[in-house]
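A structural walkthrough
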Amino acid sequence: MLRDLAYLFFPIYCAACDSPLHRNEKVMCTSCRHELPLGNFHNVNAKKIEKVFYGRIKIEKVTSLLIYQKDGIVQNLIHNLKYRGRQEIGKELGKWLGDEMLESTQYIGVNAVIPVPLHKKRLRERGYNQVEKFGIEIAKKLDTKYIDSVLKKKSYNNKQSKREKQARWTNTAETFEIENQSLLENKHILLVDDIITTGATIEACVRVLKSIPGIKISVASMAITE
């Protein structure tokens, strides 16, 4: 009874369409869950995402849960996660992708999950790294560690969502650095991010991480652009 009254006066809204959730729904309404464009990249569509990095950097495995389309449902999800404090979105997507990665068995050898970091100024502005809960949940599913104390962003850039492709490449060049590298030596790590667009940010991270002896790198994201 008390829960019903609480929901009546303080309803929870769908993170994708902003409609009130029913009691048995979590984070997203049933309709939005069914409408999400799943990539299935860790199974039959692996080559579609691998070609983003082909000839640029060596990655063991790469996957993404969703396909990002402008003005689509995934764009609304990511916007609510990054700018409206809906961190439960990252947690839910991490559980979802983590289950699928575990089922595929390709990621069982991962020793650590690390996030693409935010610059400390951006972290203060937003109050959280939108990838953190996503990465933590994947680490739990894979029964491994979540480590955010090695890869650091050393330069503060303007928001990149409106930049042209070439500008993004220039803007991400040499903006990351390594601390406490011994934590990742001779490890297979999973680098996680929210959206893969040109792949420039991931490439910049991987090039820096490759300086760590014996490291192997796989990548997972919430979404990838078409």
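Small disclaimer: the values here were computed from a predicted structure and weren't measured. (Residues numbered from 1 in each chain as written. Predicted model: local features only at pLDDT ≥ 70, side-chain atom pairs only at ≥ 80, totals over all residues. Heavy atoms only, no water.)

**Quick notes on the environment of Val219**
Here Val219 is to be found in strand S7 (residues 216-225). Beyond its immediate stretch of four places on either side in the chain, Val219 contacts Ile59, Lys61, Val62, Thr63, Leu190, Leu191, Ile196 and Ile202. (Helix = DSSP H or I, 4+ residues; strand = E, 2+ residues; numbered from the N terminus. Contact = heavy atoms within 4.5 Å.)

**Some remarks on the nonpolar core**
If you look at the biggest cluster of nonpolar residues, it comprises 36 residues, and the most contacted ones within it are Ile138 and Leu190. Listing elements by their share of this core, those giving two or more residues are strand S1 (62-68), helix H4 (73-83), helix H5 (88-104), helix H7 (132-141), strand S6 (188-196) and S7. Once residues within four sequence positions are removed from consideration, Leu190 is found in contact with Met101, Tyr107, Val110, Ala112, Val113, Ile114, Ile138, Leu142, Ser218, Val219 and Ala220. (Core = buried A, V, L, I, M, F, W, Y, C linked by side-chain atoms within 4.5 Å. Buried < 20%, exposed > 50% of the residue type's maximum accessible area, 1.4 Å probe, protein only.)

**Focus: the sheet that holds strand S2 (residues 112-115)**
Spatial ordering of the open sheet is given by S1-S7-S6-S2-S3, a layout of 5 strands whose pairing is parallel. Pairing within the sheet leaves two strands with one partner each, and these edge strands are S1 and strand S3 (145-146). In this structure, S2 lies alongside S6, joined through 4 bridges in parallel fashion. For Ala112, the partnering residue across the bridge sits in S6 and is Ile189. In this fold H5 packs onto S1, S6 and S7, with an angle of close to 130° to the strand it touches most, S1. Along the sheet, helix H9 (residues 200-209) makes contact with S2, S6 and S7, crossing S6 at roughly 160°. (Pairing = 2+ DSSP bridges. Axes fitted to C-alpha atoms, helices over the stretch in contact; angles between N-to-C directions.)

**Some points on the environment of Leu190**
Mapped onto the elements of the fold, Leu190 is located in strand S6. Of the residues examined, Leu190 reaches a relative accessible area of 0% and is grouped as buried. Note: C-alpha distance between Leu190 and Ile114 (76 residues apart in sequence) is 6.2 Å.

**Here's the deal with a positive patch on the surface**
Together, Lys26, Lys91, Lys95 and Lys133 line one region of the surface with positive charge. When you line up the elements, Lys91 lands in helix H5. With a relative accessible area of 36%, Lys91 lands in the partly exposed category. (Patch = residues over 30% accessible without salt bridge, like charges linked within 9 Å, V, L, I, M, F, W, Y side chains within 5 Å. Areas by Shrake-Rupley, 256 points an atom, 1.4 Å probe, with all protein chains shown as cover. Salt bridge = Lys/Arg side-chain N within 4 Å of Asp/Glu carboxyl O. Lys, Arg positive; Asp, Glu negative; His and termini not counted. Charge placed at Lys NZ, Arg CZ, Asp CG, Glu CD.)

**Some points on the layout of surface pockets**
A volume near 330 Å³ is recorded for the second largest pocket. Surrounding the second largest pocket, 16 residues form its lining, Pro117, Leu118, Leu123, Asp148 and Lys152 being those nearest its centre. Secondary-structure elements contributing two or more residues to the lining of the second largest pocket are helix H6 (120-126) and strand S4 (151-153). Ranked by residues supplied to the lining of the second largest pocket, first place goes to S4 with 3 residues. Residue composition of the lining of the second largest pocket, grouped by class: 7 nonpolar, 2 polar and 7 charged. (1 Å grid on protein atoms, 1.4 Å probe; cavity = no way out; pocket = protein on both sides within 12 Å on 5 of 7 lines; lining within 4 Å. Points joined across faces, edges and corners; volume = space filled by probe spheres on them. Nonpolar A, V, L, I, M, F, W, Y, C, P; charged D, E, K, R; others polar.)

**Side note on the side chain of Asn129**
Position of Asn129 relative to the elements: it lies in the loop between H6 and H7. The exposure class of Asn129 is buried, given its relative accessible area of 10%. Among all residues touching Asn129, those that are not within four sequence positions of it are Pro115, Val116, Pro117, Leu118 and Leu123.

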